[in-house]
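# Survey of secondary and tertiary structure
Here's the letter readout for the chains.
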Amino acid sequence: MLNTKTTIILLLISSATLLAQTPSEIRKQKMKEKESEQQINGEQEKLTPSQIRAQKEQNQKSENIFDDNDPGFKTIEVPDKWKNESAVILYQKTNYNYLIRKESQATNMGSMPQKFLVEEVITRKKIKLLDKASIEAHSEFYYLENGPDYLDRESSSMGIKIIKANGSKVDVDLKKAVPVTADQMSQKYGIRNVSKDYTYKKIAVPDLQIGDIIDYFSNSTSLYFYNKQARPLFAFQPYTLTLNVEYPIVKQGFNFNIGEDIFFNFNSYNGAPKLVETSVANSKDKSMSYTLESIDREKNLHERWTYENITLPTIKFQALLVNSDLAEDSKSETKMSLFFVGKTGKVNSLITENDIQTVVSRNIDQKNVYNNSHDNSKFTNYLKKRGDVMRFIEKSDEKDPEKILQLAYYYIRYLNASQSYNYDKFTFTSTMLKICEEYKIKVEVFAAMDKEYGTIKDVLFLPELTIGVVAHLKGKDIFFSTPNDFSIPGDISPEIQGSEGIIFTPTSLKGELKNKKIVIAD
């Protein structure tokens, strides 16, 4: 609270300023203030009520993020050992929220509430800039603003503050951000095929100086339409994160909020800290909360020929929605989950060889896949394309088993290259199995982990696995996996050469689980 003396001093300063101005200068100042107010009101009038409401909500969310009283954000000093670094991350915190909630959705009949799966990722960083290179790196930010207004949609926002050496704070005005194209985003981040359906922006951060602290956040929200019948299964984006990044980190934290009916796979590798449950017992709220903290991390040197995910402290995680009738701990006899899931309300950290055999077998069974997505037209299309491959082989009148598989491989490669049909790893494997069955070729399925990400015991989600078939022909084993434009039959992808995998015969739901470990030959 201001005391009387302070109030008087402030009034005197204010009066002195006014007295120093001429009457015309005072009039000009008031006119300028009025014009500024009218401009703000004019911008407000151009917005629809829903846009004004969304803007207010975003401003409130920004305030809440910057008002976080986490002690880590009070850090301003750099440890002596990092004084000569380009920059140091004083504190970094990311919140991952996976929930099911109702959101307003525009329809022909007006706005209606719909259920959505929500993935919200909020990252806040506080970085001290120690040289010109780090100033240049943080002189502008590119970000996604909005995606198309489909049932599934994305939006993003950010906020930036600069803390000067004297302790003063400067807010970066995001209203000055300018639009950028998808091609510019692609060039900036070296990412191919950036979607042109989204709007992107760039904001400049002026007057940065050595010793400044840049405090900023990014907040991305993805909404996925949820219907228990039409979408009984859904996999959120999987993450593989090394805890060492481009700058040294004094402290970093990760928080996870997992809503009811959401399954969560997580594991720590190479000495990374373990996940700690922080859920508060509440009979009305069945969500689960977890946290992980990491301190004193050196920067990632990005050394050539180093597999960072198997040498540096790393965490992997993925949230999954599985209809409770399909979950592994369900009493249902179907148990048809197409993902690796554990038990409701428990973190799943261990995927066994039997789990891999079971879930891969279910995904190879294309009828099972399309029944779970309730899209029988895709299954019909798959049968048609598989039939095309079979007819192509039959026309060749080829009898040699190895050449039959080569013909099938080349024809599928052609279909993929011509974009006639997309053979993913499960569709490819299913088709090759059918051909082997038709021509009585002894075959098994193989699953292997890309050696850049670890061994078969480190698997946590399906995209990490290379899937294919191994045909046992004339005393030799020939591997076939999804072709690319230049691959040939029998090629083994360099990513899995020398890595550990398993081979097995696809199992039905009640089939016996038998698999064998192998090392994929170079």
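Residues numbered from 1 in each chain as written. Predicted model: local features only at pLDDT ≥ 70, side-chain atom pairs only at ≥ 80, totals over all residues. Heavy atoms only, no water.

## Some details on the sheet that holds strand 21 (residues 515-519)
Put simply, the rule reads: At least two DSSP bridges between two strands are required for those strands to pair. Helical segments are the DSSP runs of H or I of at least four residues, strand segments are the runs of E of at least two, and each set is numbered from the N terminus. The convention used is that axes are lines fitted to C-alpha atoms, helices contributing only their stretch in contact, and that angles between N-to-C directions extend from 0 to 180 degrees. The contact criterion used is simple: two residues touch if any of their non-hydrogen atoms lie within 4.5 Å.
Across the sheet, which stays open at both edges, the five strands sit in the order 19-18-17-20-21 with antiparallel pairing between neighbours. Each having just a single partner strand, strand 19 (476-481) and strand 21 make up the two edges of the open sheet. Here the average twist between neighbouring strands, direction ignored, is 30°. In this structure, strand 20 (residues 500-504) lies alongside strand 21, joined through five bridges in antiparallel fashion. Bridge assignment links Glu500 to a residue of strand 21, and that residue is Val519. Sheet strands in contact with helix 7 (residues 353-364) are strand 17 (443-449), strand 18 (465-473), strand 20 and strand 21, and its direction is about 60° off that of strand 20. Where helix 10 (residues 401-417) meets the sheet, it contacts strand 18 and strand 19, and its direction lies at approximately 10° from that of strand 19.

## Focus: the confidence of the model for the protein
The following threshold applies: Looking at any residue, its pLDDT shows the predictor's confidence there, from 0 to 100.
A residue-level look at the protein finds 82% of positions with pLDDT of 70 or above and a mean pLDDT of 83. The element-level mean pLDDT for the protein is lowest in helix 1 (residues 4-19), coming to 33, with strand 11 (residues 249-258) highest at 97. The low-confidence segment residues 1-21 (pLDDT under 50) makes six contacts with residues lying over four places distant or belonging to another chain. A low-confidence stretch, residues 329-334 stays under pLDDT 50, and its non-local contacts, those more than four residues away or across chains, total ten contacts.

## Quick notes on the packing of helix 9 (residues 376-396) against helix 11 (residues 425-438)
A pair of packed helices is captured by two measures, namely the crossing angle of their axes and the spacing between those axes. Cut-off, in case you're wondering: Small angles under 35 degrees read as roughly parallel and large ones over 145 as roughly antiparallel, with 65 to 115 read as roughly perpendicular and the rest as oblique. If you view the pair so one helix is near and one far, a crossing is left-handed when the near helix is turned anticlockwise from the far one by less than a right angle, and right-handed when it is turned clockwise. Side-chain classes are defined by residue name, with Ala, Val, Leu, Ile, Met, Phe, Trp, Tyr, Cys and Pro counting as nonpolar, Asp, Glu, Lys and Arg as charged, and the others, Gly among them, as polar.
Between helix 9 and helix 11, whose axes approach to 11 Å, the crossing angle comes to 45°. The orientation of helix 9 relative to helix 11 falls into the category oblique. For the pair helix 9 and helix 11, the sense of crossing is right-handed. Across the interface between the two elements, Tyr382, Arg386, Val389, Met390 and Ile393 from helix 9 touch Thr427, Ser430, Thr431, Lys434, Ile435 and Glu438 from helix 11. Each residue belonging to the contact of helix 9 with helix 11 can be placed in one class, and the counts come to five nonpolar, three polar and three charged.

## Focus on the pattern of salt bridges
Note the threshold: A carboxyl oxygen of Asp or Glu within 4 Å of a side-chain nitrogen of Lys or Arg is what we treat as a salt bridge. Burial status follows relative accessibility: with a 1.4 Å probe on protein chains alone, a residue under 20% of its type maximum counts as buried, one over 50% as exposed, and anything between as partly exposed.
Counted by the stated rule, this structure contains 19 salt bridges. Residue Asp68 is joined to Lys93 by a salt bridge in which the shortest nitrogen-to-oxygen separation is 2.6 Å. With Asp68 in the loop between helix 3 (49-66) and strand 1 (87-107) and Lys93 in strand 1, this residue pair connects regions lying 25 residues apart in the sequence. Here Asp68 falls in the partly exposed class, since its relative accessible area comes to 25%. Take Lys93: its relative accessible area is 12%, and that puts it in the buried class. Residues Lys476 and Glu402 are paired through a salt bridge, measuring 3.3 Å at the closest nitrogen-oxygen approach. Taken as a pair, Lys476 in strand 19 and Glu402 in helix 10 lie far apart in primary sequence, 74 residues in all. Note on Lys476: relative accessible area 38%, which makes it partly exposed. Ionic contacts of the salt-bridge type, sharing partners, join the residues Asp68, Asp70 and Lys93 into one network.

## A word on the packing of aromatic side chains
Short version of the rule: Planes of paired rings set the category: under 30 degrees apart is stacked, over 60 is edge-to-face and the rest tilted, where pairs are Phe, Tyr or Trp rings (Trp by its six-membered ring) whose centres lie within 6.5 Å. A ring is considered to have a charge above it if a Lys NZ or an Arg CZ atom is located within 6 Å of its centre and within 35 degrees of its normal.
By the definition in use, this model includes 27 aromatic pairs. Ring centres 4.8 Å apart and planes at 70° place the aromatic pair Tyr96 and Phe317 in the edge-to-face group. Linking Tyr96 in strand 1 with Phe317 in strand 15 (residues 314-322), this pair joins segments that are 221 residues apart in sequence. Using a relative accessible area of 0% as the deciding quantity, one classes Phe317 as buried. In this structure an aromatic cluster arises from ring pairing among Tyr96, Tyr239, Phe256, Phe264, Phe266, Tyr290 and Phe317. For the cation-ring pair, Lys316 lies above Phe461, with the distance from its terminal atom to the ring centre recorded as 5.7 Å.

## Re the side chain of Ser287
Checked against the element boundaries, Ser287 lands in the loop between strand 13 (276-277) and strand 14 (288-297). Residue contacts for Ser287: discarding those within four places in its chain leaves Asn257, Ile258, Gly259, Glu260 and Ser279.

## Digging into the environment of Thr482
Inspection of the secondary structure assignment puts Thr482 in the loop between strand 19 and strand 20. Take Thr482: its relative accessible area is 29%, and that puts it in the partly exposed class. As for Thr482 and Lys425, which are separated by 57 residues in sequence, their C-alpha atoms are 5.5 Å apart. Those residues in contact with Thr482, other than ones at most four positions away along the chain, are Asn416, Tyr423, Asp424, Lys425, Phe428 and Ile467.

## Quick notes on the pairing of strand 17
The buried count for strand 17 comes to seven of seven residues, which makes it a mostly enclosed element. Going residue by residue along strand 17, you find Val443, Val445, Ala447 and Met449 tucked away on one face and Glu444, Phe446 and Ala448 tucked away on the opposite face as well. Here strand 17 runs beside strand 18; their pairing, made up of seven bridges, is antiparallel. Paired with Ala448 across the two strands is Thr466, which belongs to strand 18.

## Structural notes on the packing of helix 7 against helix 11
Between helix 7 and helix 11, whose axes approach to 8 Å, the crossing angle comes to 80°. One element, helix 7, and the other, helix 11, form an angle in the roughly perpendicular class. Judged by residue contacts, Val360, Asn363 and Ile364 of helix 7 engage Phe426, Thr429, Ser430 and Leu433 from helix 11. Here the contact of helix 7 with helix 11 is built from residues that sort into four nonpolar, three polar and no charged.

## Remarks on the pairing of strand 19
For strand 18 and strand 19, the ladder comprises six bridges, and the chain directions are antiparallel. Bridging across to strand 19, Val470 finds its partner in Phe479. In this antiparallel pair of consecutive strands, strand 18 and strand 19, the connection spans two residues, and Lys474 shows a positive phi of 50°.

## Quick notes on the nonpolar core
To keep things clear, this is the line we draw: What we call a nonpolar core is a set of buried Ala, Val, Leu, Ile, Met, Phe, Trp, Tyr and Cys residues that are connected through their side-chain atoms within 4.5 Å.
Counting 55 residues, the largest nonpolar core has Ile356 and Val360 as its most contacted members. Ranked by the residues each element gives to this core, the list is headed by helix 10, at seven residues. Sequence-distant contacts of Ile356, that is, excluding residues within four places in its chain, are made with Phe340, Ile351, Ser361, Ala447, Ile456, Val459, Leu465 and Ile502. Counting 24 residues, the second-largest nonpolar core is a separate cluster that includes Val121, Tyr224, Phe234 and Phe256.

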